[in-house]
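Listed here are the chains, written in short residue letters.
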Amino acid sequence: MRYVPLALLSACAVTAPVFAAQYLSPEQAQKLMFPEADAFRVQPVALDTAQMRQVEQLAGLPARSAQWRVVGAYKGDALLGYMVLDEVVGKFELISYAVGVNPDASIRQVEILAYRESHGSEIRLPAWRRQFAGKSARGGELKIGAGISNISGATLSCTHVTDGVRRIAAVAQVALAR
Amino acid sequence: MIRRAQPWLGTLVDITVEGAWPGQDAVTAAFGEIARLHRLMSFHDGASDIARINRAAPDELVQVDADTWQVLRLAREVTALSGGAFDVACAPYLVDRQLLPAPLSPATPAAPAARASAEVFALEDGCRVRKLAPGWIDVGGIAKGYAVDAAVARLESAGVPGGCVNAGGDLRVFGAMRAPVVVRSPASPGRAARHLVLCGEAMATSGSYFSEREHRAHRVSALLDARDGRPLVATASASVRAARCAVADALTKVVLATGDCGHPALALFGATAFLI
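Cut-offs applied
- Residue positions are given per chain, counted from 1 along the sequence in the order it is written.
- Lettering of chains starts at A and numbering of ligands starts at 1, both following the order in which they are written.
- The predicted origin of the model limits local features to residues at a pLDDT of at least 70 and limits the giving and counting of side-chain atom pairs to 80 or more, whereas totals for whole chains, interfaces and linings rest on all residues.
- Secondary structure elements are taken from DSSP: a helix is a run of H or I of four residues or more, a strand is a run of E of two residues or more, and numbering for both begins at the N terminus.
- Each residue is classed by its C-beta neighbour count within 10 Å, where at least 20 other C-beta atoms makes it buried, 12 or fewer makes it exposed, and intermediate counts make it partly exposed; the C-beta atoms are placed from backbone geometry.
- Remark: residues whose backbone-derived C-beta atoms lie within 7 Å of one another are considered to be in contact.
- As defined in this context, the radius of gyration uses C-alpha atoms, and a globule is described by 2.2 Å times the residue total to the power 0.38.
- Under the grouping applied here, Gly and all other residues not named as nonpolar or charged are polar, the nonpolar ones being Ala, Val, Leu, Ile, Met, Phe, Trp, Tyr, Cys and Pro and the charged ones Asp, Glu, Lys and Arg.
- At least two DSSP bridges between two strands are needed for those strands to be called paired.
- All axes here are fitted lines through C-alpha atoms, helices being fitted over the stretch that makes contact, and every angle between N-to-C directions spans 0 to 180 degrees.
- For this classification, under 35 degrees means roughly parallel, over 145 means roughly antiparallel, 65 to 115 means roughly perpendicular, and everything else is oblique.
- Crossing chirality is assigned from the near helix's rotation relative to the far helix, an anticlockwise turn below a right angle marking it left-handed and a clockwise turn marking it right-handed.

### Structural notes on the overall build of chain A
From N to C terminus, chain A includes 5 helices and 8 strands. When each of the 178 residues of chain A is scored for burial, the buried share is 37%. Looking at chain A alone, contacts between residues at least 24 apart form 69% of all its contacts between residues at least 6 apart.

Below is the structure:
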C-alpha cells in the first residue's frame with residue numbers, strides 16, 4: 001500500500017497511545033559534544049561500494065546506507081571532530097540519535113535526540129518513520145522535557161542503538177579518519 | 001529543565017534535572033558515572049569485574065572495584081532474605097537459554113551447573129572476591145538500580161536541586177522534583193496501567209513482556225526463580241517502591257518469583273510492592 005488513508009493514520013493516533021520523549025535538537029547535541037567549537041559545517045558523507053563493504057567488515061553489520069548526515073565541528077580552521085546523525089527502528093521503538101566522533105574516528109559521545117515507541121502496525125508505515133528523519137526539536141508536537149512522564153516497566157533493550165553506534169564507528173573509520 | 005538520554009546498561013538511561021543549561025555538566029558527570037559502572041559490571045565485556053570473577057578458577061582471589069563489591073554484598077543480602085528466589089549466580093540458566101553468551105575460560109571450559117551464590121563466591125575484606133566453585137554470576141537484576149543510585153548521588157553532590165534518573169524502567173526521583181510515572185500494562189506494554197507521582201523515592205518494575213521468547217519448545221525470559229531456575233513468563237509485572245533503586249530493582253524479582261507482595265524481605269528494606 002503506497003498511500004495510507006489519512007483516516008487510518010489519525011485512527012492510529014487516537015487508539016494507540018505512544019510513549020515518546022524529545023531530548024535534544026541536533027544543534028543542542030553538537031554544542032554539548034563540542035563546547036569549544038565556534039563553527040559547525042554540514043558535510044554529508046556518501047560511501048562508494050568498496051567503502052560500504054569495508055564498513056560491513058568492520059562493523060559485522062549491513063552498511064544499510066551509503067548516505068550519512070555528518071556535521072564537522074571546528075575551532076577556527078582546526079577540526080575538533082564530527083557529529084553523525086542517525087535513526088534506528090526496533091520492534092517497538094524509533095530512536096533518533098547523534099554520535100560524536102573524534103578526528104581519529106574514535107567515539108566521543110552518544111546522545112539520544114528523540115525516542116518514540118509504538119506497539120501497533122504503524123511502526124512499519126513510512127509516514128510514521130519519516131516524521132523523525134532529520135528532525136530537530138523545532139515545531140514538532142513534542143516539547144523537550146516538558147510534560148512527559150517517566151515510564152517504569154520491563155527493560156526494553158537498546159541493541160539497535162548499540163548496533164547503530166558500531167556501524168557509525170565503522171563509517172567514521174572508513175570515511176572520516178585522519 | 002534538562003532531559004537527556006544515553007545508551008548504557010543494555011537500555012536507555014534517561015536523566016531529567018531541574019535547572020537550566022549550566023546543569024549540563026552535572027548530567028554529563030552522572031552519565032560518566034553510569035558508564036564507569038557499566039564497564040565494571042558488564043557480563044559481556046571480558047575486562048569487567050564480573051567477567052573476571054566468572055573466568056576465575058576455584059580458590060582464586062579477584063580484586064574488584066568497591067562498587068562491584070557493594071553490589072555483590074547487597075545481592076547476597078537479598079538472596080539470603082528471599083530464600084534464594086533472587087540470586088546473581090543464576091547466569092548458567094540464562095546462558096543455557098541463550099539470553100547471555102557463554103563466558104568460557106580455562107577455569108570453566110564447559111558450562112558450570114547453576115549453584116547458589118554462597119557456593120560460588122565469598123566476599124572478603126579489601127574489595128576482594130574469592131571464587132569457591134565453578135559458576136557464573138550476572139548482576140543484570142540489580143546493577144541498573146545501583147547505577148541509578150550512583151547517578152543520583154553524583155547529581156546531588158553537584159548541587160542539582162532535583163530530578164529523576166531512569167534506567168529502562170528502574171528509576172529514582174530526588175530533591176524537590178515530583179515526577180509523574182507511568183507503569184506499563186504487562187498485557188499491552190504500549191499502554192499505561194497505573195499513574196503515580198514519586199517524590200524522594202525509587203521504583204523498579206520487572207516483567208517478562210519484552211524478553212520472552214521460545215527456547216527448545218518452552219517459553220523463557222530474562223527473568224527466573226533462582227531457587228529452581230523456573231523461567232518467569234507470567235503476564236504479571238512486579239513493581240517495588242523503596243528508598244534505594246538497587247533495593248527496588250532486586251526486590252522486583254523476589255516479588256515476581258514468589259507472587260507475594262507482602263514478602264517479609266520488603267518490610268526489612270522499608271519497601272512496598274504491587275503486581276499488575
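We are not done yet, so read on.
### Side note on the overall build of chain B
A count of helices and strands for chain B gives 8 helices and 16 strands. Taking 276 residues into account, the globule formula puts the C-alpha radius of gyration at 19 Å, and chain B, at 18 Å, falls close to it. Dimensions along the principal axes, computed over C-alpha positions, put chain B at roughly 55 × 40 × 30 Å. Within chain B, contacts between residues separated by at least 24 positions form 61% of all contacts whose residues are at least 6 apart in sequence.

### A look at the interface of chain B and chain A
Contacts between chain B and chain A engage 38 residues on the former and 28 residues on the latter. Of the residues that constitute the side of chain B that touches chain A, the class distribution is 17 nonpolar, 16 polar and 5 charged. By the bridge criterion, 3 bridges tie strand β8 (residues 150-152) of chain A to strand β8 (residues 179-185) of chain B in an arrangement that is parallel. From the neighbouring strand, Asn150 of chain A faces β8 of chain B, where its bridge partner is Val181 of chain B.

### Description of the environment of Arg178 of chain A
Residues and elements named next belong to chain A. Relative to the assigned elements, Arg178 resides in the segment after α5 (159-175). What makes Arg178 exposed here is the crowd of 7 C-beta atoms within 10 Å. Not counting residues within four places of it along the chain, the set of residues in contact with Arg178 comprises Pro103 and Asp104.

### Some points on the pairing of strand β7 (residues 107-117) of chain A
Residue and element names in this part refer to chain A. The buried fraction of β7 amounts to 8 of the 11 residues, a majority that puts the element mostly inside the structure. Two elements, strand β1 (residues 20-22) and β7, share 3 bridges in a ladder whose sense is antiparallel. Paired with Gln22 across the bridge in β7 is Ala114. Here strand β6 (residues 93-101) runs beside β7; their pairing, made up of 9 bridges, is antiparallel. In the strand pairing of β7, Ile95 is matched with Tyr115. Between the end of β6 and the start of β7, which pair antiparallel, lie 5 residues, with Ala105 showing a positive phi angle near 80 degrees.

### Considering the environment of Gly145 of chain B
All names here are of chain B. Relative to the helices and strands, Gly145 is located in helix α6 (residues 143-157). Once the C-alpha coordinates of Gly145 and Leu171 are considered, the two residues, 26 residues apart in sequence, prove to be 7.3 Å apart. Excluding anything up to four places from it in sequence, Gly145 contacts Asp170, Ala204, Cys245, Ala246, Ala248, Asp249 and Ala250.

### Some details on the sheet that holds strand β1 (residues 2-8) of chain B
Residue and element names in this part refer to chain B. The strand order β1-β2-β6-β7-β10-β15-β16 describes an open sheet built from 7 strands, whose pairing is antiparallel. Looking at strand neighbours, the two that pair on one side only are β1 and β16 (272-275), the edges of this open sheet. If you compare each strand with its neighbour and ignore which way they point, the axes differ by 15 degrees on average. For strand β10 (residues 202-207) and strand β15 (residues 237-242), the ladder comprises 6 bridges, and the chain directions are antiparallel. Note on β15: the bridge partner recorded for Met203 is Arg241. Contacting β1 and β2 (11-17), helix α1 (residues 24-41) crosses the sheet at an angle of about 20 degrees to β1. Running over the sheet, α6 touches β2, β6 (162-167), β7 (170-175) and β10 and is turned about 20 degrees from β7.

### Let's talk about the sheet that holds β8 of chain B
An order of β8(A)-β8(B)-β9(B) is seen for the 3 strands of this open sheet, with the pairing classed as mixed. For this open sheet the edge positions go to β8 of chain A together with β9 (188-198) of chain B, each flanked by a neighbour on one side alone. Within the sheet, the average angular offset between the axes of one strand and its neighbour, ignoring direction, is 35 degrees.

### A closer look at unusual backbone geometry
Located in the positive-phi region is Ala105 of chain A, a residue other than glycine, with phi close to 80 degrees. Here Ala105 of chain A falls in the partly exposed class, since 19 other C-beta atoms lie within 10 Å of it. Of note, Ala217 of chain B is a non-glycine position whose phi angle comes to about 65 degrees, a positive value. Assignment of secondary structure puts Ala217 of chain B in the loop between β11 (213-215) and β12 (218-220). Judged by the 5 C-beta atoms lying within 10 Å of it, Ala217 of chain B is exposed.

### Topic: the packing of α6 of chain B against helix α7 (residues 245-258) of chain B
Residues and elements named next belong to chain B. It is the contact of α6 with α7, at a shortest axis distance of 7 Å, that shows an interaxial angle of 165 degrees. As judged from the angle between their axes, α6 and α7 are roughly antiparallel. In this structure, α6 meets α7 at a crossing whose hand is right-handed. Residues Lys144, Gly145, Tyr146, Val148 and Asp149 of α6 lie in contact with α7, whose contacting residues are Cys245, Ala246, Ala248, Asp249 and Ala250. The residue makeup of the contact of α6 with α7, split by class, is 6 nonpolar, 1 polar and 3 charged.

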